[in-house]
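One-letter residues, chain by chain:
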Amino acid sequence: MQDENKNKRLRLLIKKLNKERKKQAQQIDILCNDLIAAQRDFVKRLKTVSFVANFYESIIGATDLNHLLYTAAELIKEQVDSADVTFFLSQTETFEQHSLESGYAVEYGQERFGNYFSPELIENICASNKVCTLEDMFAMGLQGNLVELSKISAVTVPLDCSCSLSGFMLVYRSSDKKMTADEINKISAITYGLSRAIASCQGLLHPTD
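Residues numbered from 1 in each chain as written. Predicted model: local features only at pLDDT ≥ 70, side-chain atom pairs only at ≥ 80, totals over all residues. Heavy atoms only, no water.

Caption draft 1: Spatial organisation of the overall build of the protein chain. Of the regular secondary structure elements, the protein chain holds seven helices and seven strands. Sequence-ordered secondary structure for the protein chain, helices as α and strands as β, is α-α-β-β-β-β-α-β-α-α-β-β-α-α. Counting all 209 residues of the protein chain, 37% fall into the buried class. Total accessible area computed for the protein chain in this model is approximately 13,000 Å², and 51% of it derives from carbon and sulfur atoms. (Helix = DSSP H or I, 4+ residues; strand = E, 2+ residues; numbered from the N terminus. Buried < 20%, exposed > 50% of the residue type's maximum accessible area, 1.4 Å probe, protein only. Areas by Shrake-Rupley, 256 points an atom, 1.4 Å probe, with all protein chains shown as cover.)

Caption draft 2: Examining the pattern of salt bridges more closely. All told, the structure shown has three salt bridges when counted by the stated rule. With a shortest N-O distance of 2.6 Å, Asp 81 and Lys 177 are connected by a salt bridge. Within this pair, whereas Asp 81 is found in the loop between helix H2 (65-79) and strand S1 (84-91), its partner Lys 177 is found in the loop between strand S7 (167-174) and helix H6 (181-189), the two being separated by 96 residues in sequence. The exposure class of Lys 177 is partly exposed, given its relative accessible area of 36%. (Salt bridge = Lys/Arg side-chain N within 4 Å of Asp/Glu carboxyl O.)

Caption draft 3: Looking closely at the packing of aromatic side chains. One pass over the structure, following the stated rule, counts eight aromatic pairs. For the pair Phe 113 and Tyr 116, a centre-to-centre distance of 6.4 Å together with 45 degrees between the ring planes defines the contact as tilted. Since its relative accessible area comes to 0%, Phe 113 is described here as buried. Ring-pair connections join several aromatic residues into one group, and the members of that group are Phe 88, Phe 113, Tyr 116, Phe 117, Phe 168 and Tyr 172. (Phe/Tyr/Trp six-rings, centres within 6.5 Å; stacked < 30°, edge-to-face > 60°.)

Caption draft 4: Inspection of the packing of H2 against helix H7 (residues 191-201) at higher detail. Interhelical geometry of H2 versus H7 gives an angle of 160 degrees and a closest axis separation of 9 Å. In terms of their interaxial angle, H2 and H7 are classed as roughly antiparallel. The way H2 lies across H7 gives a crossing that is left-handed. When H2 is examined against H7, the residues Leu 65, Leu 68, Leu 69 and Ala 72 are found in contact with a partner set consisting of Leu 194, Ala 197, Ile 198 and Cys 201. A per-class count over the contact of H2 with H7 returns eight nonpolar, no polar and no charged. (Axes fitted to C-alpha atoms, helices over the stretch in contact; angles between N-to-C directions. Parallel < 35°, antiparallel > 145°, perpendicular 65-115°, else oblique. Left-handed = near helix turned anticlockwise from the far one by under 90°. Contact = heavy atoms within 4.5 Å. Nonpolar A, V, L, I, M, F, W, Y, C, P; charged D, E, K, R; others polar.)

Caption draft 5: Looking closely at the layout of surface pockets. There is about 150 Å³ of room inside the largest pocket. Lining the largest pocket, in full, are Thr 133, Leu 134, Glu 135, Ile 152, Ser 153, Ala 154, Val 155, Lys 178, Met 179 and Ile 184. If you list the elements that add at least two residues to the lining of the largest pocket, you get helix H4 (134-139) and strand S6 (152-158). Ranked by residue count, the leading element in the lining of the largest pocket is S6, at four residues. (1 Å grid on protein atoms, 1.4 Å probe; cavity = no way out; pocket = protein on both sides within 12 Å on 5 of 7 lines; lining within 4 Å. Points joined across faces, edges and corners; volume = space filled by probe spheres on them.)

Caption draft 6: Fine view of the nonpolar core. Residues Phe 55, Phe 87, Met 169 and Leu 194 are the most contacted members of the largest nonpolar core, which totals 30 residues. At the level of secondary structure, the elements contributing two or more residues to this core comprise helix H1 (2-59), H2, S1, S6, S7, H6 and H7. Ranked by residues supplied to this core, first place goes to H2 with seven residues. If we skip the residues at most four places from it in the chain, Phe 87 touches Leu 69, Ala 72, Ala 73, Glu 96, Gln 97, His 98, Leu 100, Phe 168, Met 169 and Leu 194. (Core = buried A, V, L, I, M, F, W, Y, C linked by side-chain atoms within 4.5 Å.)

Caption draft 7: Molecular detail of a nonpolar patch on the surface. Side chains of Phe 42, Val 43 and Leu 46 sit close together on the surface and give an oily, nonpolar patch of about 280 Å² of accessible area. Relative to the helices and strands, Phe 42 resides in helix H1. (Patch = residues over 30% accessible without salt bridge, like charges linked within 9 Å, V, L, I, M, F, W, Y side chains within 5 Å.)

Caption draft 8: Broad picture of the environment of Ser 188. Tracing the chain through its elements places Ser 188 in helix H6. Remark: the alpha-carbon pair of Ser 188 and Pro 158, spanning 30 residues in sequence, is separated by 8.1 Å.

Caption draft 9: How the structure looks around the sheet that holds S7. Spatially, S2-S1-S7-S6-S5 is the arrangement adopted by the five strands of the open sheet, whose pairing is antiparallel. Taken across any chain shown, the strands that pair with only one partner, and hence form the sheet edges, are strand S2 (94-100) and strand S5 (132-133). Pairing of S1 with S2, which is carried by seven bridges, proceeds in the antiparallel orientation. Bridge pairing in S2 links Phe 88 to Gln 97. Against the sheet, helix H3 (residues 119-128) touches S1, S2, S5, S6 and S7, its axis set at about 105 degrees to S7. (Pairing = 2+ DSSP bridges.)

Caption draft 10: Representation of the environment of Lys 177 within the structure. Along the sequence, Lys 177 and Val 80 sit 97 residues apart, while their C-alpha atoms lie 9.7 Å from each other. In this structure Lys 177 touches Asp 81, Ser 82 and Ser 153, once residues within four positions along its chain are discounted. Polar side-chain contacts of Lys 177 include one of 2.6 Å to the side chain of Asp 81. (Polar contact = N/O pair within 3.5 Å; in protein donor to acceptor, adjacent residues only side chain to side chain.)

Rendered as structure tokens:
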């Protein structure tokens, strides 16, 4: 009887130990997953910082607007593979479109995607002052062939308005390669410096800035 009670207590103890080990293993798995996620996030942030530093270094001293926009578009395309970039910049009472097309550009008959942007849509996108998806653009008045438009992945990224510049970048490519949040974050990270460089080329910055 005494041996039986001892065995019973031993089995309960082993069961408790196994339960504790299982709980610890789960906690270790969670901790490891958190560490891996944090490391991945750190690597992404590091890559973004590296891209921004390289971007700013490449546009420093630019005085010609066309050259600046070409350089900026090429650097953005290195981060967003197979994409096209179009800039919409305010010019007095209208907006000027600067399309920098690549061999990967998505075509709509004889038109480019930027040609679908009406003055009203451009104003609405500027007024929103946020990253806009294709769905947002439709809500703001984008019109066109839905079948053709469904073939692209696109976002607009606002240019910084604190330096008297108004406008945005349109970045788009085939929907087969939908733009990722990481790519959009990288583009957004360079808008402050790019906006000031564009404003400088346009003579919008004050000498004291």
